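One-letter residues, chain by chain:
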Amino acid sequence: MASKKQEGVKIVAHNRKARHDYFIEDTMEAGLVLAGTEVKSIRQGKVNLRDSYVVIREGEVYVQGMHISPFEQGNRYNQDPMRTRKLLLNKSEIRRLIGAVGQDGMALIPLELYLKAGLVKMRLALAKGKKLHDKRHSLADRDAKRQIERAFRSRAKEA
C-alpha cells in the first residue's frame, strides 16, 4: 500500500508492472462507479491493480481484473472482488480512446488508483506494448542510472 500525498491527492495503489511492460504514450483521469463497501476497502488500501486492464464495449469503458478486497464490516453488502467496474469518461474522451486503441499494439491500462477530494479516481494510460529486447534495454538503463548515482554519492562522501 503506497500513500503519497500531494495537493489533496492520496495514492492508494500503483500498477508498477505497467511501466515495465508498456511505453506510456498518454495518460488521463477517470472516475469509477463503485459500491459503498468498495470505497471503504479502497480507503484502507485493500486494492490490487496488477493484472487489471481496460476494455471498451458498446461505447462504455470498463476496468477488468482489478481486485478490491471485501470490506470486513460489509457483510451482505460486499460485492464480488473481481467484478467489472465502469469508468466515467466524457464521450469525446471515449471516442478518442476508441480511435487510439484501434491502432496496432495500443492498449489501455490502469496506472494508479487514488483519492482526490474524497472521490476515487483512476489514472489510465494509453500505452504500446514493449518487446522483450525493449524491456532488457529499460532494465539496463535503470541499472546504469543507479550506478551513476552511487558513484556521485561516494564522491560526495569523499570530498
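Fair warning: this is a prediction, and the values are worked out from it, not measured in the lab. The residue count restarts for each chain, going from 1 along the sequence in the order it is written. With pLDDT at 70 or above as the cut-off, local features in this predicted model cover only qualifying residues; side-chain atom pairs require 80 or more to be listed or tallied, and sums for whole chains, interfaces and linings still use all residues. Side-chain figures throughout are based on the complete set of non-hydrogen atoms in the structure, without hydrogens or water.

Looking now at the pairing of strand S10 (residues 119–129). Two strands are counted as paired when DSSP detects at least two bridges linking them. Secondary structure is summarised from DSSP: a helix means a run of H or I of at least four residues, a strand means a run of E of at least two, and numbering begins at the N terminus for each. Pairing of strand S3 (residues 22–32) with S10, which is carried by 9 bridges, proceeds in the antiparallel orientation. By the bridge assignment for S10, Phe-23 is matched with Lys-128. Where strand S9 (residues 106–116) lies against S10, 10 bridges are found, and the strand directions are antiparallel. When the bridges of S10 are listed, Ile-109 appears paired with Ala-125. Once S9 ends, the chain turns through 2 residues before running back antiparallel as S10, passing Ala-117 with a positive phi of about 55 degrees.

Bringing the nonpolar core into the picture now. Residues belong to one nonpolar core when they are buried, are Ala, Val, Leu, Ile, Met, Phe, Trp, Tyr or Cys, and are joined through side-chain atoms within 4.5 Å. With a 1.4 Å probe rolled over the protein chains alone, any residue whose accessible area is under 20% of its type maximum counts as buried; one over 50% counts as exposed, and the rest are partly exposed. By size, the foremost hydrophobic cluster in this structure holds 26 residues, and its most contacted members are Met-66, Leu-87, Leu-113 and Met-122. Those elements that provide at least two residues to this core are strand S2 (9–14), S3, strand S6 (60–64), helix H3 (91–101), S9 and S10.

Here Lys-40 shows up in helix H2 (residues 36–43). Residue Lys-40 is classed as partly exposed on the basis of its relative accessible area of 47%.

This next bit is on the confidence of the model for the protein chain. A score between 0 and 100, pLDDT records how confident the predictor is in each residue. Model confidence for the protein chain is summarised by a mean pLDDT of 82, while 93% of its residues fall at 70 or above. By mean pLDDT, the top-scoring element of the protein chain is S6 (90), and the lowest-scoring one is strand S1 (residues 5–6) (53).

Further remarks concern H2. Within the sequence span of H2, burial applies to Thr-37, Glu-38, Ser-41 and Ile-42. For H2, the arc enclosing every buried residue in end-on projection is 140 degrees, short of the 170-degree limit, so these residues lie on one face. One or two steps after H2, the chain reaches Gly-45, where phi turns positive at roughly 85 degrees. Here, the arc refers to the directions that run from the helix axis to the C-beta atoms.

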